[in-house]
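So you can see what is in the structure, the chains are spelled out below.
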Amino acid sequence: MFGVLFPNRSFPMDISTFSQIDTFHWILDMNTFVGEAYDQVTEICIFLLNSFTLPPDKALAVYIQSPGSPFLFCGAVTLARPSAVLSLPWPEPGGQMQLTASDSAPASAKIGVSVEDLASLPSLDVAAERRIERLAMKVGENLFNFMQSFCGVDGSKLVVPMDILDRWFKKFQERAKRDPEYLKGFAL
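Predicted model only: the values in this text are computed from it and were never measured.

(A) Structural context of the overall build of the protein chain. The helix and strand tally for the protein chain stands at four helices and 11 strands. Taking all 188 residues of the protein chain together, 33% fall into the buried category. Sequence separation of 24 or more characterises 65% of the internal contacts of the protein chain that already satisfy a separation of 6 or more. By element, 58% of the accessible surface of the protein chain is carried by carbon and sulfur atoms, the whole surface being about 11,700 Å².

In structure tokens, the structure reads:
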């Protein structure tokens, strides 16, 4: 059906590594795989195997769960996108789902895989969305820092020259043309 690989951490593993919960849900207990160092596993490569035919309106969604935290969507594969390398942004452990001492099994991190309706899922490339968000934040920070150097104060208001956006944008464009590495620094 599907296989996974943790870059620099494992050989390809098939579905038999996962515990099947029901027809459409599988769980990989990270304690059995890496113990408490689950947060050191930062990427997963998931791929459909040739013998598995996923309906075109379905996706194989990947979720992660730190001990005591809810599952977090990481991305998905489909027939049109039969493999993907997904980032694993592990949430902080704890929260309302924390197991108590009376529970028989210790809390552990998990990776969940499920067959879901493609239309019900958020964007399939969560990592790309996060990179875009980081890029926007860094460009906004650059603009703010530039404007701040020209600000004046009028009571409780900051006053900036009317042409400040034009000046910033021209400087930004010129620097990007001169130094091809400049924009790469924003995407980190």
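(B) View of the environment of S87. Considering the arrangement of structural elements, one finds S87 in strand 8 (residues 83–87). The spatial distance from the C-alpha of S87 to the C-alpha of R130 is 9.9 Å, given a sequence separation of 43 residues.

(C) Broad picture of the sheet that holds strand 2 (residues 13–14). The four strands are arranged 2-1-5-8 in an open sheet whose pairing can be described as antiparallel. Single-partner strands in this sheet number two, and they are strand 2 and strand 8. Across five bridges, strand 5 (residues 43–48) lies against strand 8 in antiparallel orientation. Along strand 8, the bridge assignment pairs F47 with S83.

(D) Structural context of the confidence of the model for the protein chain. Here the protein chain shows a mean pLDDT of 81. Residues at 70 or above account for 87%. Scored below 50 in pLDDT, residues 96–104 shows 10 contacts in the model against residues more than four places distant or in partner chains.

(E) The arrangement of the sheet that holds strand 7 (residues 72–77) in detail. Reading across from one edge, 3-4-9-6-7 is the order of the five strands in this open sheet, with antiparallel pairing throughout. The open sheet terminates on both sides in strands that have one partner only, identified here as strand 3 (19–22) and strand 7. With direction set aside, neighbouring strand axes in the sheet form an average angle of 25 degrees. Where strand 6 (residues 58–65) lies against strand 9 (residues 110–117), eight bridges are found, and the strand directions are antiparallel. Across the sheet, the residue bridging to A59 is E116, located in strand 9.

(F) Spatial organisation of the pairing of strand 4 (residues 25–29). Here strand 3 pairs with strand 4 via three bridges, running antiparallel. Paired with Q20 across the bridge in strand 4 is W26. Counting the residues that bridge the hairpin from strand 3 to strand 4 gives two residues.

(G) Up close: helix 3 (residues 164–178). Compared with an ideal rise of 1.5 Å per residue, which puts 15 residues at 21 Å, helix 3 spans 21 Å between its outermost C-alpha atoms and is within 8% of the ideal. Considered for burial, the residues of helix 3 that qualify are I164, W168, F172 and A176. Relative to the axis of helix 3, the buried residues are bounded by an arc of 95 degrees and lie together on one face. Opposite the packed face of helix 3, turned more than 90 degrees from it, sit the exposed residues D166, K170, K177 and R178.

(H) Representation of the pattern of salt bridges in the model. Taken as a whole, this structure holds two salt bridges when the rule is applied. D117 is paired through a salt bridge with K58; the nearest N and O atoms lie 2.4 Å apart. Of the two residues, D117 is situated in strand 9 and K58 in strand 6; the sequence distance between them amounts to 59 residues. In this structure, D163 engages R167 in a salt bridge whose closest nitrogen and oxygen atoms are separated by 3.2 Å. Residue class for D163 comes out partly exposed when judged on its relative accessible area of 34%.

(I) Representation of the nonpolar core in the model. Core analysis: the biggest nonpolar cluster contains 27 residues, and F6, I46, L60, L88 and I111 have the highest contact counts within it. Contributing elements (two or more residues each) for this core: strand 1 (2–5), strand 4, strand 5, strand 6, strand 7, strand 8 and strand 9. Leaving out residues up to four positions away in the same chain, L88 has contacts with F6, V41, T42, E43, I44, I64, C74 and I111. Judged by nonpolar contacts, the second largest core, of eight residues, contains L143, W168, F172 and Y182.

Calculation rules
Residues numbered from 1 in each chain as written. Predicted model: local features only at pLDDT ≥ 70, side-chain atom pairs only at ≥ 80, totals over all residues. Heavy atoms only, no water. Helix = DSSP H or I, 4+ residues; strand = E, 2+ residues; numbered from the N terminus. Buried < 20%, exposed > 50% of the residue type's maximum accessible area, 1.4 Å probe, protein only. Contact = heavy atoms within 4.5 Å. Areas by Shrake-Rupley, 256 points an atom, 1.4 Å probe, with all protein chains shown as cover. Pairing = 2+ DSSP bridges. pLDDT = per-residue confidence, 0-100. Axes fitted to C-alpha atoms, helices over the stretch in contact; angles between N-to-C directions. Expected span 1.5 Å × (residues − 1). Arc of directions from axis to C-beta. Salt bridge = Lys/Arg side-chain N within 4 Å of Asp/Glu carboxyl O. Core = buried A, V, L, I, M, F, W, Y, C linked by side-chain atoms within 4.5 Å.

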